[in-house]
Protein chains: 2
Amino acid sequence: MNKMGVKAYTWKLDIANGRVDLSHGAGGRAMGQLIEDIFHKALDNDWLRAGNDQSTFAVPSGRMVMTTDGYVVSPLFFPGGNIGTLAVHGTINDIAMAGAVPLYLSACFIIEEGFPLADLECIAQSMGDASRETGVPIITGDTKVVERGKADGVFISTAGVGRVPDGLDLRADAAQPGDAVIISGSIGDHGVAVMSKRENLEFDTAIISDSAALHGLVAAMVAAGGKHIRLMRDPTRGGIAATLNEIANQSKIGFHIDEEAIPLKPEVAAACEFLGLDPLNVANEGKLVAVVAPDGADVVLAAMQAHPLGAEAMLIGHAVADENCFVQMATSFGGGRIVDWLSGEQLPRIC
Amino acid sequence: MNKMGVKAYTWKLDIANGRVDLSHGAGGRAMGQLIEDIFHKALDNDWLRAGNDQSTFAVPSGRMVMTTDGYVVSPLFFPGGNIGTLAVHGTINDIAMAGAVPLYLSACFIIEEGFPLADLECIAQSMGDASRETGVPIITGDTKVVERGKADGVFISTAGVGRVPDGLDLRADAAQPGDAVIISGSIGDHGVAVMSKRENLEFDTAIISDSAALHGLVAAMVAAGGKHIRLMRDPTRGGIAATLNEIANQSKIGFHIDEEAIPLKPEVAAACEFLGLDPLNVANEGKLVAVVAPDGADVVLAAMQAHPLGAEAMLIGHAVADENCFVQMATSFGGGRIVDWLSGEQLPRIC
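Residues numbered from 1 in each chain as written. Chains lettered and ligands numbered in written order. Predicted model: local features only at pLDDT ≥ 70, side-chain atom pairs only at ≥ 80, totals over all residues. Heavy atoms only, no water.

- Chain A goes by Hydrogenase expression/formation protein HypE in an unreviewed UniProt entry, where it is assigned to Sinorhizobium kostiense.

Pasting the structure below:
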């Protein structure tokens, strides 16, 4: 499809004051101009400039991964990021959770008529910056415009491909009793940052989303102890409660975790209390949970703590044999409880 | 992210009467159930059942392509298809236009709260059918739910990867003066089918979308005369007018085409006249335009006509040297005109 390519228009976009209209999604000159003036400029690479409806790259033989994610976060801009940075980081992270090296991304924009061009430019530039910082180019894309009231500003879907290092095979069903559970840092920062912005809450200490690309951290973990890693997952929607329950069910094991060991910023804990949220259910966008064979726990944890994005990594518990696949937590008060995942929503539109 | 994977819920979806609610996008049990009961059942393959946040596949060394597309068509169901079939066919076609063999797709759903589960199941099953018919599996996905009034039923983004046959290198800027322009069949069917449904028009002869996956046709063309093909493109949004203008601008040539040679169904011509549309601007979803070196035009055209999806293929004109990159058409009345692409919208939400 005619998407990200053609320079054949004569007027200029008024980015400061203009708004997206239906013509920007209709396949004509206006769409070409939007793509050129905003997306090509911000994302800036030879693949997009070639103006094909698909982009080409060379691969060596081996195993690859593919993933996709939709981003519908509200508000679009929040402390620590925006929908664009989230879309780049999130898809890189889904690739990295396979232990893979992210190679290329695609991005698809569904834009509501009337959306300010300046906001769109800001989002596109954030994506360009995130793409350059992470070294993962956005090589193909698409833009659609829907009538006012038929979307919520902008939705972004990204997809990505990556390469799995030879010999590595992480799987959702690979956790075994005795394995160590490690988290790369403090929980709940992203969800609370978004909720605070949405509810117009102000706290003494600003809470910033942890949105970050984890492929560098993963590379360090794989280099130090790849053969010991059973699986990794980023605890986004549903928080670490959902992630641990998913892994437990897929691997047919249980988990025992220790509340005291889970890193949680005091300001996030306070905000969760205020908002009535359990931080275990709150989304993260720059954290990973790794399940590691007992022999490798120390070396993997040390590699994580030596990396800026894993400096606060902690061993938070162990996998246990449990045919009920329960996640059980020893609480700070000396008691215990089952950590269930939610049946329904806690935090809609946080990613 | 927790996306397409986990079986850990106890009640059943009421698909006949139920509706999507926010809990279906929140990362908990309800989301797991929606994914299992609707998407896994319809798309049905081992990659999705493995329940990872990304899927793995092996590749030989060589060149690959990646593409993405967003689908926002309104209405969601139209004669000849629905948003789901369109999403599968469209992304396969963007891969095929590079001469590539489509391998794997991803699918991301953004669903409006209140959307009927029965419609979602129907769309998912159509995608499963289209995926099985084309032999291109959907191996990874994501589901988001937004509040009522923040979307329009459902939007789908698909991405895809494919493999480029060795020795083939089609490029948007490869057309040269003298090259033949071939279209694979009649124009305007998709856009008119969607518009007719949207406007509740009834014609004597039903107009059906041409939505189809073109990778089989492309494989036949490449086998017969791949070395002669300069480039291919599917004339979707903006129709063949936009496609030819894009190619002309990218290749820095002009085109002379012959109106009489362009296949156009009488009922589509009549509907376009009634709706005030120029069929050259109307979207197609199962057609391709190929620019072919003069020596290879006969063999490529013959290969197309021997394939069911190219039975009505026609040579419609030639590339010419033209520094203005104009697309000029000899009309049926014996005159001539410039075929410009539209500045703004003609048909919003037709793909």
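## Quick look at the domain arrangement of chain A
All names here are of chain A.
Then comes step 1: Domain boundaries assigned for chain A yield domain 1 (22-164) and domain 2 (180-338).
Then comes step 2: Inter-centroid distance (C-alpha atoms) of domain 1 to domain 2 is 27 Å.
Then comes step 3: Every contact between the two is made by 20 residues of domain 1 and, on the other side, 20 residues of domain 2.
Then comes step 4: Summed over both partners, the interface of domain 1 with domain 2 comes to about 1600 Å²; 64% of that surface belongs to carbon and sulfur atoms.
Then comes step 5: When the buried area of domain 1 at its contact with domain 2 is split by residue, Pro79, Asn93 and Met97 rank highest and sum to 35% of it.
Then comes step 6: Summed over the shared surface of domain 1 and domain 2, the number is zero salt bridges.
Then comes step 7: Elements represented by at least two residues in the side of domain 1 that touches domain 2 include exactly β3 (77-78) and α3 (83-96).
Then comes step 8: Sort the elements by how many residues they give to the side of domain 1 that touches domain 2 and α3 lands first, with eight residues. (Domains from an automatic or database assignment. Contact = heavy atoms within 4.5 Å. Buried area = accessible area lost by both parts, 1.4 Å probe. Salt bridge = Lys/Arg side-chain N within 4 Å of Asp/Glu carboxyl O. Helix = DSSP H or I, 4+ residues; strand = E, 2+ residues; numbered from the N terminus.)

## Looking at the relation of the copies chain B and chain A
Then comes step 1: Relative to chain A, chain B is turned by 180° and slid 0.0 Å along the rotation axis, the superposed coordinates differing by an RMSD of 0.0 Å. When the rotation and shift are considered jointly, the pair of chain copies conforms to a two-fold rotation axis.
Then comes step 2: Both copies present the same face, since 99% of the interface residues in chain B are matched by interface residues at the equivalent positions in chain A. (Least-squares fit on C-alpha atoms with pLDDT ≥ 70 in both.)

## Here we look at the packing of helix α3 (residues 83-96) of chain B against helix α4 (residues 117-134) of chain B
Helices that pack against each other are described as a pair by the angle of their axes relative to one another and the distance between those axes.
All names here are of chain B.
Then comes step 1: Interhelical geometry of α3 versus α4 gives an angle of 35° and a closest axis separation of 7 Å. Helix-helix and strand crossings are classified by hand; for α3 and α4 the assignment is right-handed. Judged by residue contacts, Ile83, Gly84, Thr85, Ala87, Val88, His89 and Ile92 of α3 engage Ile123, Ser126, Met127, Ala130, Ser131 and Thr134 from α4.
Then comes step 2: When grouped by side-chain class, the residues that make up the contact of α3 with α4 number seven nonpolar, six polar and no charged. (Axes fitted to C-alpha atoms, helices over the stretch in contact; angles between N-to-C directions. Left-handed = near helix turned anticlockwise from the far one by under 90°. Nonpolar A, V, L, I, M, F, W, Y, C, P; charged D, E, K, R; others polar.)

## Side note on the interface of chain B and chain A
Then comes step 1: Across the boundary between the two partners, chain B contributes 91 residues, which contact 90 residues of chain A.
Then comes step 2: Around 7100 Å² of area is buried between chain B and chain A when both sides are counted, 56% of it from carbon and sulfur atoms.
Then comes step 3: Summed over the shared surface of chain B and chain A, the number is 12 salt bridges.
Then comes step 4: With its nearest N and O atoms 3.8 Å apart, the salt bridge here joins Asp152(A) to Lys150(B).
Then comes step 5: Our enumeration of links across chain B and chain A arrives at 31 residue pairs in polar contact (both at pLDDT 80 or more).
Then comes step 6: Elements supplying a minimum of two residues to the side of chain B that touches chain A: α1 (29-43), β1 (55-59), β2 (62-71), α3, β5 (101-112), β6 (138-146), β7 (154-164) and α7 (239-251) of chain B. (Polar contact = N/O pair within 3.5 Å; in protein donor to acceptor, adjacent residues only side chain to side chain.)

## Focus on the side chain of Ser184(A)
Then comes step 1: Tracing the backbone through its elements, the reader meets Ser184(A) in the loop between β8 (180-183) and α5 (189-198).
Then comes step 2: Excluding residues that lie within four positions of it along the chain, Ser184(A) makes contacts with Leu217(A), Gly286(A), Lys287(A), Leu288(A), Met304(A), Leu309(A), Gly310(A), Glu312(A) and Ala313(A).

## Considering the environment of Arg19(A)
Residues and elements named next belong to chain A.
Then comes step 1: Note that arginine 19 resides in the segment before α1 (29-43).
Then comes step 2: Taking relative accessible area as the criterion, arginine 19 reaches 48% and is therefore assigned partly exposed.
Then comes step 3: Other than its neighbours up to four places away in sequence, arginine 19 contacts His24, Gly114, Phe115, Pro116 and Leu117.
Then comes step 4: Of note is the side chain of arginine 19, whose polar atom sits 2.6 Å from the backbone oxygen of glycine 114. (Buried < 20%, exposed > 50% of the residue type's maximum accessible area, 1.4 Å probe, protein only.)

## Re the UniProt feature "domain: PurM-like C-terminal" (unreviewed entry) in chain A
Then comes step 1: Here, UniProt's "domain: PurM-like C-terminal" (unreviewed entry) annotation points to residues 176-328 of chain A.
Then comes step 2: As annotated, residues 176-328 of chain A has a helix share of 35% and a strand share of 18%, and its two end C-alpha atoms lie 16 Å apart. (UniProt positions renumbered as here; feature names shortened; annotations may be inferred.)

## With respect to the pattern of salt bridges
Residues and elements named next belong to chain A.
Then comes step 1: Per the stated rule, a full pass over the model turns up 40 salt bridges over all chains.
Then comes step 2: The closest approach of N and O atoms between aspartate 169 and arginine 171, which form a salt bridge, is 2.9 Å.
Then comes step 3: A relative accessible area of 44% places aspartate 169 in the partly exposed class.
Then comes step 4: When salt bridges with common partners are traced through the structure, they connect Arg63, Asp169, Arg171 and Asp173 into a single cluster.

## Re the sheet that holds strand β8 (residues 180-183) of chain B
All names here are of chain B.
Then comes step 1: Reading across from one edge, β9-β11-β8-β12-β10-β13-β14 is the order of the seven strands in this open sheet, with mixed pairing throughout. Unpaired on one side and paired on the other, β9 (229-233) and β14 (336-338) mark the two borders of the sheet. Strand after strand, the sheet turns through a mean of 25° between neighbouring axes, direction not considered.
Then comes step 2: Of the pairings in the sheet, the one linking β9 to strand β11 (residues 289-292) comprises four bridges and is antiparallel in character. In the strand pairing of β11, leucine 231 is matched with valine 291.
Then comes step 3: Against the sheet, helix α9 (residues 297-305) contacts β8, β9, β11 and β12 (314-320), and its axis sits at roughly 5° relative to β8. (Pairing = 2+ DSSP bridges.)

## A short note on the pairing of β5(B)
All names here are of chain B.
Then comes step 1: Counting buried positions over the 12 residues of β5 gives 10, a clear majority of the element.
Then comes step 2: With 10 bridges joining them, β5 and β7 adopt antiparallel strand pairing. Paired with cysteine 108 across the strands is serine 157, a residue of β7.
Then comes step 3: Where β5 lies against β6, eight bridges are found, and the strand directions are parallel.

## Quick notes on the sheet that holds strand β13 (residues 327-330) of chain A
Residue and element names in this part refer to chain A.
Then comes step 1: The strand order β9-β11-β8-β12-β10-β13-β14 describes an open sheet built from seven strands, whose pairing is mixed. A single partner strand is all that each edge strand has here, and the edge strands are β9 (229-233) and β14 (336-338). Taken over all neighbouring pairs, the strand axes of this sheet differ in orientation by 25° on average, direction set aside.
Then comes step 2: In this sheet, strand β12 (residues 314-320) lies alongside strand β10 (residues 254-258) in antiparallel orientation, the contact comprising four bridges. Across the sheet, isoleucine 257 pairs through a bridge with glycine 317, a residue of β12.

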